[in-house]
Amino acid sequence: MDGITDAAKAPATYEDVLAAHARIKPYILRTPILTSSYFNQLTGAQLFFKCENFQKAGAFKVRGACNAVFGLTDEQAAKGVATHSSGNHGLSLSYAAGRRGIPCKVVVPRTAPEAKKAAMRGYGGEVVECEPSTSSREAVFAEVVAQTGAEFVHPYNDPRVIAGQGTCSKEMMEDLGGLDAVIAPIGGGGMVSGTCLTLSEISPTTEIYAAEPEAADDAYQSFKSGHIVAYDAPVTIADGLKVPLKENTWHFVSRYVTDVLLASEEEIVAAMKLTWERMKIVMEPSCAVPLATILKNPEIFRGKRVGVVVTGGNVDLDKLPWMTK
């Protein structure tokens, strides 16, 4: 395996994205891009949905996880990998570690969807639960690393991970040609940063929008104030978007994002349900935030070709947000 630890100390470059795509190709899917005449009519835009809900491990995060895992030297890999995650990065890292045959420990909030925790265990990951706050997950994680000496693969504040996520928008541009805008959900900012990294190099005129829940709007507050604003334990149905930006993702968000758009909890659920009904695809609440913001702000996107990143499809089918007891 080729070592990339030293390179991980510097911001990722587009050359890192190209190397990542070659490295992870055997372990990921080139996911389809779907369209919907219904949503095009509703929004006045041409929407192209990059369906990472069909990705290995059910989420885009397998791209960054595979890049980190398969970039380790054999000596590093022997100690295994570890991370803290609300779900999708943890199961993606479990998947990647399983493909390489090395141990993986994941610190997970006890409130994370059972479907995600079960999937991690299914891929061979060991789940260590913590309280649903950034401070608790980081404290518990520090204990795990001290005990194992495992390589820390951060869910998003890691140039190796950001480079891996940048392969998603690379595929989108290769398959679609020009786009006027791309929109993706933002929590810690890994996918948005990867999108910024790639598009700033190969399509600098494409606008990049980040979509965030109003109930966890720390990226919005960061973007408007010009410095990182971090919430410790926001409460939102979009469980994958509760974490704050960090320095490696802020580097890209602050430089390349056109705007951060917000959606209410009700708007997120409505967009999620509408997508299930109209497109017949499974998406989790976090993935519905971009569509919710497009529906809320049609004037921004009207008449444009817009790439929409559907980031994952790992939902607890017994707890869908529109279900009543």
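Read on for a plain summary of the structure. (Residues numbered from 1 in each chain as written. Predicted model: local features only at pLDDT ≥ 70, side-chain atom pairs only at ≥ 80, totals over all residues. Heavy atoms only, no water.)

When helices and strands are tallied, the chain shows 14 helices and 10 strands. Taken against the 2.2 N^0.38 rule, which gives 20 Å for 325 residues, the C-alpha radius of gyration of the chain at 18 Å falls within 12% of a compact globule. By its C-alpha atoms, the chain is 55 × 50 × 40 Å across when sized along the principal axes. When each of the 325 residues of the chain is scored for burial, the buried share is 59%. (Helix = DSSP H or I, 4+ residues; strand = E, 2+ residues; numbered from the N terminus. Rg over C-alpha atoms; globule rule 2.2 N^0.38 Å. Buried < 20%, exposed > 50% of the residue type's maximum accessible area, 1.4 Å probe, protein only.)

Nonpolar side chains in soluble globular proteins tend to be buried together. Counting residues in hydrophobic clusters, the biggest one holds 33 residues, and the most contacted among them are L47, F49, I183, F301 and V306. In contact with V306, other than residues within four places in its own chain, are A45, Q46, L47, F48, L179, A181, I183, I294 and F301. V17, C168, W250 and V253 belong to the second-largest nonpolar core, a separate cluster that totals 31 residues. (Core = buried A, V, L, I, M, F, W, Y, C linked by side-chain atoms within 4.5 Å. Contact = heavy atoms within 4.5 Å.)

Once that is clear, we can look at helix α10 (residues 218–225). Those residues of α10 lying buried are D218, A219 and S222. Along α10, the residues classed as buried sweep out an arc of 100° about the axis, all on the same side. Here the buried face of α10 lies against β8 (207–213), α11 (247–256) and β9 (259–263). G226 occupies a position one or two residues after α10 and carries a positive phi of about 85°. (Arc of directions from axis to C-beta.)

Another point: the sheet that holds strand β6 (residues 151–152). Within the open sheet, the 4 strands sit side by side as β5-β4-β3-β6. Their pairing is parallel. Bordering the open sheet on either side are β5 (126–130) and β6, each of which pairs with just one other strand. With respect to the sheet, helix α7 (residues 134–148) is in contact with β3 (81–84), β4 (104–109), β5 and β6, its orientation differing from that of β4 by roughly 165°. (Pairing = 2+ DSSP bridges. Axes fitted to C-alpha atoms, helices over the stretch in contact; angles between N-to-C directions.)

Turning our eyes to something else, we now look at the layout of surface pockets. Roughly 650 Å³ of internal volume is contained in the largest pocket. Taken together, 29 residues form the lining of the largest pocket, with T111, P113, T236, I237 and D239 sitting closest to its centre. The residue makeup of the lining of the largest pocket, split by class, is 15 nonpolar, 6 polar and 8 charged. (1 Å grid on protein atoms, 1.4 Å probe; cavity = no way out; pocket = protein on both sides within 12 Å on 5 of 7 lines; lining within 4 Å. Points joined across faces, edges and corners; volume = space filled by probe spheres on them. Nonpolar A, V, L, I, M, F, W, Y, C, P; charged D, E, K, R; others polar.)

Turning our attention to the pairing of β8. Within β8, 6 of the 7 residues are buried, which leaves the element mostly enclosed by the surrounding structure. The parallel pair strand β7 (residues 181–185) and β8, bridged by helix α9 (residues 190–202), forms a crossover whose chirality is right-handed. Relative to β9, β8 runs parallel, the two sharing 5 bridges. By the bridge assignment for β9, A211 is matched with L261. (Right-handed = clockwise from strand over helix to strand, strands pointing away.)

It is at 7 Å that the axes of helix α12 (residues 265–279) and helix α13 (residues 285–296) come closest, and there the two elements cross at 100°. It follows that α12 is roughly perpendicular to α13 by the angle criterion. Of α13, the residues touching α12 (which contributes E267, I268, A271, M272, L274 and T275) are P285, A288, V289, L291, A292, L295 and K296. Here the residues of the contact of α12 with α13 are counted per class, giving 10 nonpolar, 1 polar and 2 charged. (Parallel < 35°, antiparallel > 145°, perpendicular 65-115°, else oblique.)

So, about the pattern of salt bridges. Throughout the structure, instances matching the rule amount to 20 salt bridges. Among the salt bridges present, the one from R63 reaches E171, with a minimum N-O distance of 2.8 Å. Remark: E171 occurs in helix α8 (residues 159–176) and R63 occurs in helix α3 (residues 62–70); sequence separation between them is 108 residues. Here R63 falls in the buried class, since its relative accessible area comes to 0%. A salt bridge links K116 to E284, with the shortest nitrogen-to-oxygen separation between them at 2.9 Å. In this pair, K116 is assigned in helix α6 (residues 114–122) and E284 in the loop between α12 and α13, connecting sequence segments 168 residues apart. Here K116 matches E284 in class, with each residue buried. Put simply, R30, K170, E174 and D175 are held in one network by salt bridges that share partners. (Salt bridge = Lys/Arg side-chain N within 4 Å of Asp/Glu carboxyl O.)

Look at α9: 18 Å from first C-alpha to last across 13 residues, which is about the 18 Å you get at 1.5 Å a residue. Among the 13 residues of α9, 10 are classified as buried, and the element is accordingly described as predominantly covered. Every buried residue of α9 is listed here: G190, M191, V192, S193, G194, T195, C196, L197, T198 and L199. (Expected span 1.5 Å × (residues − 1).)

Attention now goes to the sheet that holds β8. By way of backbone hydrogen bonds, the strands of a sheet pair with one another, either parallel or antiparallel. If you trace the 6 strands from one edge of the open sheet to the other, you get β1-β2-β10-β7-β8-β9, paired in mixed fashion. One side of each edge strand has no neighbouring strand; the edge strands of this open sheet are β1 (33–34) and β9. Pairing analysis gives 6 bridges linking strand β2 (residues 46–51) to strand β10 (residues 305–310), with the strands arranged parallel. Bridge pairing in β10 places C51 opposite V310. Seen against the sheet, α9 touches β7, β8 and β10 and runs at an angle of roughly 160° to β7.

Function cannot be inferred from these measures alone, as they are strictly geometric.
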